[in-house]
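Below, each chain spelled out in residue letters.
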Amino acid sequence: MAEIGKDITKAKQLLQNGNLVAIPTETVYGLAANALNPEAVAKIFEAKQRPSFDPLIVHTYSVKKALEYVSEINPLLLKLAEQVWPGPLTLLLPRKSCIPDLVTSGLDRVGIRVPNHALTLDLLKQLNFPLAAPSANPFGYISPTTPQHVDKQLGQKINYILDGGGCEVGLESTIVGEENGKITVYRLGGLSVEEIENIINEQVEVQLNQSSNPKAPGQLKSHYAPSKPFLLGNLKMLLSNHSDKKIGVLAFGNIAIEPGNKCLVKNLSPTGNYKEAAIHLFSYLRELDELDIELIIAEPLPEIDLGRAINDRLKRAAF
Ligand code: TXA
Ligand code: MG
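These notes cover the structure that comes with them. Everything numeric here is computed off the predicted structure, so don't read it as measured data.

Moving on: the nonpolar core. Among the nonpolar cores identified, the biggest contains 75 residues, and L80, W85, I158, V176 and L250 are the most heavily contacted of them. The element contributing the most residues to this core is helix α10 (residues 274–290), with eight residues. Beyond its immediate stretch of four places on either side in the chain, W85 contacts V63, A66, L80, L91, I112, R113 and V114. Grouped together as the second largest cluster of nonpolar side chains are 16 residues, I8, V21, L119 and L131 included.

With that settled, consider the sheet that holds strand β2 (residues 21–23). Strand pairing in a sheet relies on backbone hydrogen bonds, with the paired strands running either antiparallel or parallel. Taken in spatial order, the 11 strands of this open sheet run β1-β8-β2-β3-β7-β4-β6-β5-β9-β10-β11, and their pairing is mixed. Each edge of the open sheet carries a strand with a single partner, namely β1 (3–5) and β11 (205–206). Where strand β5 (residues 89–94) and strand β9 (residues 174–179) come together, three bridges link them in parallel fashion. Following the sheet pairing, L89 is matched in β9 by T174.

The subject of this paragraph is unusual backbone geometry. With an omega dihedral of -5°, the bond running from W85 to P86 counts as a cis peptide bond. Among the secondary structure elements, P86 is positioned in the loop between α4 (75–84) and β5. Notably, S105 is not glycine yet its phi reads approximately 55°, a positive angle. Phi is positive for D305, which is not a glycine, with a value near 55°. Here D305 lies in the loop between β15 (295–298) and α11 (307–318).

Okay, the environment of V204 next. Along the polypeptide, V204 turns up in the loop between α8 (193–200) and β11. Each C-alpha atom of the pair V204 and I183 lies 5.3 Å from the other, and the pair is 21 residues apart in sequence. If sequence neighbours within four positions are ignored, V204 has contacts with I183, V185, V193, I196 and E197.

Turning our eyes to something else, we now look at α10. Under the 1.5 Å per step criterion, the end-to-end length of α10 is 24 Å for 17 residues, consistent within 8% with the ideal 24 Å. Maximal helix bending in α10 amounts to about 45°, located at L281. Within α10, 12 of the 17 residues are buried, leaving the element largely enclosed by the surrounding structure. Of all the positions in α10, only Y274, A277, A278, H280, L281, F282, S283, Y284, L285, R286, L288 and D289 are classed as buried. For α10, the elements touching its buried residues are α7 (147–154), β12 (230–232), β13 (247–251), β14 (263–267), β15 and α11.

Scoring rules and cut-offs
Residues numbered from 1 in each chain as written. Chains lettered and ligands numbered in written order. Predicted model: local features only at pLDDT ≥ 70, side-chain atom pairs only at ≥ 80, totals over all residues. Heavy atoms only, no water. Core = buried A, V, L, I, M, F, W, Y, C linked by side-chain atoms within 4.5 Å. Buried < 20%, exposed > 50% of the residue type's maximum accessible area, 1.4 Å probe, protein only. Helix = DSSP H or I, 4+ residues; strand = E, 2+ residues; numbered from the N terminus. Contact = heavy atoms within 4.5 Å. Pairing = 2+ DSSP bridges. Expected span 1.5 Å × (residues − 1). Bend = angle between axes of the 7 residues up to and from the residue.

Right, here's the structure in full:
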């Protein structure tokens, strides 16, 4: 069990001494260390059991500060940063040499973002270094959206969890960069493709690599996964094909489950609201994973708005 509290001074001191602290953001909780100290960063990989080919996002408190760590920025990406930060957007930008190789896994670009959470912004302003932070979950498992989620899985391995309550977005940041002159989305997330296109006034490429050696990775095919079997498909068909099992259903919108099916239903948003569904996604998956059931099933949402990013997580969880 880690200590959970709202003491920024304590978090600051631990981080200054090269220790790990879990921090709240609007997307998911992060497992943070001094991004400029390779020994501190190494502790993140160890605690998460994360492969070192998977680079980390650097967190800071303003656009101006972020620009100190990169050598250039495409004007459209700058426009995005100015409109969205603090917010659920990570930019991949050419890094300056002050960013250690371990943070970027030796890649030329650094992932950088300004998270939208008052407590964490306050902390970042008091530190004279940025924070490297992946989601605060064991590698491959569901991302945490409450301090308790973090404590349950990583509590033994970290010194302090800064308590910022439940995450207001619930999906990781959208990762965006430039590829052959085109603005490119590498990971769908809390900022929808539609919102990005509205801001930059042009179409983006979406390049969600699915390889075992990803450029960005939540690009791994299997990720965000519960430990119970998880199937994605048509709910009616899945229910009738598995009528012998105790089933947990992750539902969305106004769905009716036939009486007689012995199943537990968690509805991401009975009214079909994508923002609400995003907020609930990871915590409901965890709840279902912990219930006395044999199988979790879900049906893809419509491929619009945050539905697209939610489907991306569901597919990886089911893979
Ligand atoms: O919302 C978020 O982005 C959360 C909060 C804590 O900020 N962080 C997060 O980190 O989701 P993580 O490590 O779980 O996922 C970050 C993804 C990884 O899949 C990584 O491969 C990719 O970002 N990434 C980070 N830096 C990169 C880089 N320099 N080049 C390519 N991909 C990068
Ligand atoms: Mg993650």
